[in-house]
Amino acid sequence: MPALAAAAASAATEESQEEIARFREAVRAHSSEFADQEEIARFVEAARAHFSAPELEAQKEIARFTEAVRAQKEQPAGHNAMPALAAASAATQESQEEVAHAIEAVRTYTAAPSELAAQKGYECYTGPGKSCRVCAPTHLRTADDQCEECNNGYRLVGGSCEPYKCDLSSSSGCLACKPTHERTADNQCADCKPGYALSDDLKCVALSCVESTSAPTGCKVCRPQHLRTLAAQCEVCNDGYTHNEDFTCRPHLCSLAELPGCARCKEQEFRTGENQCHWCAPGYEITHDFQCEAIACRTGPFDACKTCMPRSLRTALDQCHSCNAGYGLTAARACKPYVCVAGDSTGCAKCVEPEFRTKDQQCARCEPGYQLLVDGSCKAYKCLEDPKDYCRVCMQQHSRTQDGQCAQCNDGYELQADQSCKPIGCVIGSDSKCLECQEQGRRTEPDQCTKCNPGYGLVNSSCKPFTCSIGPGPGCKACKVQMAATDFGQCAACNTGYKLMPDSRCDPVPAAAATAAAQSSSFAREAQQEASQKVVLDTKQVLKDFMKQMETNLDSYISKAIAASVAKAPASAAVSLLRGGNSAPAGHSSSALGMFGAADTDADGALSRAEFNSLEQRA
């Protein structure tokens, strides 16, 4: 057996045909040393145990080799079985590792009967597979085949060598296990199923993916497990994210440096592409694809800009800073031509030429009744009709030359030369001034009174001093002091034959009535002659004053309305003169002279009592 062991060792380390030949010779020389059929059976069992792994390609050849050994033992002495052994030996040349195992098995199980008989206690055999690589020391064994160290791919369990397991079930991610002799732990894989990855410890781990809408970088919908080739592969990305080529998700990027005019990028969750802008800087506008485009502005003739707004101030296309001549800026800063329409409805008689206009409706000349303002607009002259302070009737628009021109005034107002209505005035004061004035709406001339100061009485709405006639008979011998008088013709003393009555009048005493009548007749004739001359003079002056008053608007024409309102004035003035007044009431004596002439029927220059009574009735 020492020679067989040396040959086996040599064959395990050499690959040449010469060593194989020596192996054949060793087997042939010692084939007779197999003790019995039991040893051959153990050899075959050992070979089967070692070469049962699925990766051994020469299993059949080893089986044929062991069968040839068994056949050699059973043959009668002198039978030559070398050709069969040689054939089996030659078949093992394809795998030097399997040959080495076979030699070791032959060495172990062909021990000399003397050696086997010499061993004592529990048996232990080393070999491939789950056999011991190193047996436990004899004195430590408590059973057969207790190992101290196992072959690669096996682990020590209670003194025996057990192979590391590998699960290929459907629940496992392992597609192919590691060869047994390469394993260092259970479930070590050589390749993984789709959707799994080989870890550092050779385990197949499922490629993870977390679905989440709150985690911005996570998947909205994960890729199916069997399609994953990396972790975090997504079928659908969250809003604002897109797929990489490897099905992971990345955010849509946005860089202001790459977006001219962009003031702020869109929020991540609203992006649908790269570099999308949320709003633009002044002077830029956002496009349909969320880019910022500079707002353009053109200059040129007509309605184009003369100068554009600075870009930073533009909010729309073609916003102008200034326009060409004849054009003006709108609220939107566009240029439009100034419009002007001439005609009666506008007041504009002729428009300014288009190229010289600086505003709409700019006129060179206005229609009658309109005023041309400095800015070229035509303004209608205004006139208000009002029952109090303004016109009763306004002048027609085309006849006006200024504001407030009237055709007719309200009561208490008088038309001026400029066609304005001015209130008729009244002065309150002492002496002949009014103590109280007539109401405004009832005045027909200035200073019309309703009440006079002491010593004055109303004569046709004017205040006149109280007077009396000094003369014979019923005439006053002396007049009552003016400030004490309360009426016209009041006496302080009477002539002989007359007595002073309570109303300050002189009435005749009955006994002296005849004498008084004679004296009165002579005196009356003288007084009437003197009075007639005075009446004529006073009447001429009164007539001049009255005519001046009647012709209020200085157009050399007295209206019918004014003439009717003073129709009775001449008669009243004449009667007042003939009653002995010192002067005629102002303003009502225009026809006093005519009235006097008509009343003096006998043309003697004096009025008899009958003629005076006739005149008084006419008044």
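Residues numbered from 1 in each chain as written. Predicted model: local features only at pLDDT ≥ 70, side-chain atom pairs only at ≥ 80, totals over all residues. Heavy atoms only, no water.

Draft legend 1. Main features of the overall build of the protein. Each helix and strand in the protein was counted, giving 12 helices and 36 strands. Within the protein, the fraction of its 619 residues that count as buried is 35%. Long-range contacts, defined here as pairs at least 24 residues apart, represent 27% of the contacts in the protein between residues at least 6 apart. (Helix = DSSP H or I, 4+ residues; strand = E, 2+ residues; numbered from the N terminus. Buried < 20%, exposed > 50% of the residue type's maximum accessible area, 1.4 Å probe, protein only. Contact = heavy atoms within 4.5 Å.)

Draft legend 2. Examining the packing of aromatic side chains more closely. Summed over the entire model, instances satisfying the criterion amount to one aromatic pair. A centroid spacing of 5.2 Å and a plane angle of 80 degrees characterise the contact between F466 and F488, whose relative ring orientation is edge-to-face. Here the residue F466 occupies a position in the loop between β32 (462-465) and β33 (476-479), and F488 occupies one in the loop between β33 and β34 (491-494), the gap between them amounting to 22 residues. Residue F488 is classed as partly exposed on the basis of its relative accessible area, which comes to 25%. (Phe/Tyr/Trp six-rings, centres within 6.5 Å; stacked < 30°, edge-to-face > 60°.)

Draft legend 3. Geometry of the state of the cysteines. Summed over all chains, the structure comprises 27 disulfides. Disulfide pairing places C476 opposite C491 at an S-S distance of 1.5 Å. Here the disulfide of C476 and C491 is left-handed, its torsion about the S-S bond being about -70 degrees. One end of the pair, C476, is in strand β33; the other, C491, is in strand β34, with 15 residues separating them in the sequence. Among the residues examined, C476 registers a relative accessible area of 3% and is labelled buried. (Disulfide = S-S within 2.5 Å.)

Draft legend 4. Broad picture of the side chain of R357. Along the polypeptide, R357 turns up in the loop between β21 (348-351) and β22 (363-366). The side chain of R357 is buried and forms no salt bridge, while E353, the nearest opposite charge, is found at 6.3 Å. Engagement of the side chain of R357 in a polar contact is seen with the backbone oxygen of V352, the distance being 2.7 Å. Residues contacting R357, with those up to four places away along its chain left out, are G326, Y338, V339, C340, C351, V352 and Q362. (Lys, Arg positive; Asp, Glu negative; His and termini not counted. Salt bridge = Lys/Arg side-chain N within 4 Å of Asp/Glu carboxyl O. Polar contact = N/O pair within 3.5 Å; in protein donor to acceptor, adjacent residues only side chain to side chain.)

Draft legend 5. Local environment of the pattern of salt bridges. Applying the stated rule across the entire model yields 10 salt bridges. Across the pair E182 and K178 runs a salt bridge, and its minimum N-O distance is 3.5 Å. We note a salt bridge from D487 to R505, for which the minimum N-O separation is 3.4 Å. Of this pair, D487 sits in the loop between β33 and β34 while R505 is found in the loop between β35 (498-500) and β36 (506-508), placing the two residues 18 residues apart along the sequence.

Draft legend 6. Region of the structure containing the pairing of strand β31 (residues 456-459). Relative to β32, β31 runs antiparallel, the two being bridged by four bridges. By the bridge assignment, G457 is partnered in β32 with K464. Connecting the antiparallel pair β31 and β32 is a turn made up of two residues, with N460 showing a positive phi of about 50 degrees. (Pairing = 2+ DSSP bridges.)

Draft legend 7. Focus on the environment of A304. When you line up the elements, A304 lands in the loop between β16 (292-294) and β17 (305-308). When its relative accessible area of 3% is taken as the criterion, A304 is described as buried. Sequence spacing of A304 and Y327 is 23 residues, and the spatial spacing of their C-alpha atoms is 9.4 Å. Once you skip the residues sitting within four places of it in the chain, A304 turns out to touch R298, T299, N324 and C335.

Draft legend 8. Representation of the environment of C219 within the structure. Along the chain, C219 turns up in strand β9 (residues 219-222). With 10 residues separating them in the primary sequence, C219 and C209 have C-alpha atoms 7.4 Å apart. Setting aside chain neighbours within four positions, we find C219 in contact with C209, V210, E211, S212, A232, Q233, C234, V236 and N238.

Draft legend 9. Layout of the side chain of R223. Structurally, the position occupied by R223 is in the loop between β9 and β10 (234-237). Buried within the structure, R223 lacks any salt-bridge partner; its nearest side chain of opposite charge belongs to E235, at an N-O separation of 4.8 Å. Discounting chain neighbours no more than four positions away, the residues touching R223 are R228, Q233, C234, E235 and F247.

Draft legend 10. Summary view of unusual backbone geometry. Look at A232: it is not a glycine, yet its phi comes out positive at around 60 degrees. Of note, A232 is situated in the loop between β9 and β10. The partly exposed category is assigned to A232, whose relative accessible area is 38%. Within the chain, N275 stands out as a residue other than glycine whose phi angle is a positive 50 degrees. Within the secondary structure, N275 sits in the loop between β13 (262-265) and β14 (277-280).

Draft legend 11. Expanded view of the environment of G283. Looking at the element boundaries, G283 is found in the loop between β14 and β15 (284-286). The sequence separation of G283 and L313 amounts to 30 residues, and the corresponding C-alpha distance is 5.9 Å.

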